[in-house]
Amino acid sequence: MKMAIIAANDGMFDAYKVFNIATAAAATDAEVEIFFTFEGLNLIHKEAHKNLPMPAGAEHFQEGFKKNNVPPVDELVSMATEMGVKMIACQMTMDVMSLEKEHFIEGIDVGGAVTFLTYAKDADVTLTF
């Protein structure tokens, strides 16, 4: 199976959606690629992914995550990397936001929309978060 994911948002819940689906798919030997654009780049930013905002009024989820042994986002990011999930930072968004590859976690690639589309055209599953 081949899965393509677009990550365009940067909240805590968005991170869990992206990385939970990506690591679950990778665990079933699926080929997974995530294209990070706009605020989604924060999910792979060296520091920002460790401090993602929790939606107002949803603080009780933190306790639930801990109680149920749900890994923190930075651990899910590491798991995805170790499992071979390919992560691509959007070059256009990086240019607009004056970001460099060095701002992001190790192991990401940089590419444009065509890079993602070339991969996604043959994907069995395509998701956007």
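The structure under discussion appears in the preceding block.
Nothing here was measured: the structure is a model prediction, and the numbers come from that model. (Residues numbered from 1 in each chain as written. Predicted model: local features only at pLDDT ≥ 70, side-chain atom pairs only at ≥ 80, totals over all residues. Heavy atoms only, no water.)

**Here's the deal with the side chain of Lys2**
Turning to step 1, where the next piece is worked out: Position of Lys2 among the secondary structure elements: in strand β1 (residues 2-7).
Turning to step 2, where the next piece is worked out: Among buried charged residues, Lys2 stands out as having no salt bridge; its nearest opposite-charge side chain is Asp122, 4.3 Å away.
Turning to step 3, where the next piece is worked out: If near-sequence neighbours (up to four positions away) are discounted, Lys2 is found in contact with Glu31, Tyr119, Asp122, Ala123, Asp124 and Val125. (Helix = DSSP H or I, 4+ residues; strand = E, 2+ residues; numbered from the N terminus. Buried < 20%, exposed > 50% of the residue type's maximum accessible area, 1.4 Å probe, protein only. Lys, Arg positive; Asp, Glu negative; His and termini not counted. Salt bridge = Lys/Arg side-chain N within 4 Å of Asp/Glu carboxyl O. Contact = heavy atoms within 4.5 Å.)

**Quick notes on the pattern of salt bridges**
Turning to step 1, where the next piece is worked out: Taken as a whole, this structure holds 3 salt bridges when the rule is applied.
Turning to step 2, where the next piece is worked out: Asp14 is the salt-bridge partner of Lys17, the closest N and O atoms lying 3.9 Å from each other. Here the residue Lys17 and the residue Asp14 both occupy positions in helix α1 (residues 12-27), the gap between them amounting to 3 residues, near one helical turn.
Turning to step 3, where the next piece is worked out: Using a relative accessible area of 39% as the deciding quantity, one classes Lys17 as partly exposed.
Turning to step 4, where the next piece is worked out: For Asp14, a relative accessible area of 17% puts it in the buried group.
Turning to step 5, where the next piece is worked out: A salt bridge links Asp109 to Lys86, with the nearest nitrogen and oxygen atoms 3.8 Å apart. In this pair, Asp109 sits in strand β4 (residues 109-111) while Lys86 sits in strand β3 (residues 86-90), placing the two residues 23 residues apart along the sequence.
Turning to step 6, where the next piece is worked out: For Asp109, a relative accessible area of 31% gives the class partly exposed.
Turning to step 7, where the next piece is worked out: Lys86 sits in the partly exposed class, given a relative accessible area of 38%.

**Some words on the nonpolar core**
Turning to step 1, where the next piece is worked out: Phe19, Val32, Ile34, Phe36, Ile44 and Met87 are the most contacted members of the largest nonpolar core, which totals 35 residues.
Turning to step 2, where the next piece is worked out: Secondary-structure elements contributing two or more residues to this core are β1, α1, β2 (31-36), α3 (73-82) and β3.
Turning to step 3, where the next piece is worked out: For this core, the leading source of residues is α1, giving 8 residues.
Turning to step 4, where the next piece is worked out: Aside from chain neighbours lying at most four places away, what touches Phe36 is Ala7, Phe19, Leu41, Leu43, Ile44, Met87, Ile88, Ala89 and Cys90. (Core = buried A, V, L, I, M, F, W, Y, C linked by side-chain atoms within 4.5 Å.)

**Details of a nonpolar patch on the surface**
Turning to step 1, where the next piece is worked out: A cluster of nonpolar side chains, Phe38, Met92, Val96 and Met97, forms an exposed patch at the surface whose accessible area comes to about 400 Å².
Turning to step 2, where the next piece is worked out: Looking at the element boundaries, Met92 is found in helix α4 (residues 91-96). (Patch = residues over 30% accessible without salt bridge, like charges linked within 9 Å, V, L, I, M, F, W, Y side chains within 5 Å. Areas by Shrake-Rupley, 256 points an atom, 1.4 Å probe, with all protein chains shown as cover.)

**What to know about the pairing of β1**
Turning to step 1, where the next piece is worked out: Counting buried residues along β1, 5 of its 6 residues qualify, which places the element largely inside the surrounding structure.
Turning to step 2, where the next piece is worked out: The pairing of β1 with β2 spans 6 bridges and is classified as parallel. Within β2, the residue paired with Ile5 across the bridge is Ile34.
Turning to step 3, where the next piece is worked out: After leaving β1, the chain enters α1 and then returns to the sheet as β2, a path that is right-handed.
Turning to step 4, where the next piece is worked out: Of the pairings in the sheet, the one linking β1 to strand β5 (residues 125-128) comprises 4 bridges and is parallel in character. In the sheet register, Ala4 faces β5, and the bridge partner there is Thr126. (Pairing = 2+ DSSP bridges. Right-handed = clockwise from strand over helix to strand, strands pointing away.)

**So, the environment of Phe61**
Turning to step 1, where the next piece is worked out: Residue placement: Phe61 occurs in helix α2 (residues 60-67).
Turning to step 2, where the next piece is worked out: Of the residues examined, Phe61 reaches a relative accessible area of 36% and is grouped as partly exposed.
Turning to step 3, where the next piece is worked out: It is 9.7 Å that separates the C-alpha atoms of Phe61 and Phe13, two residues lying 48 residues apart in sequence.
Turning to step 4, where the next piece is worked out: Aside from chain neighbours lying at most four places away, what touches Phe61 is Phe13 and Met54.

All we've got here are geometric facts, nothing functional implied.
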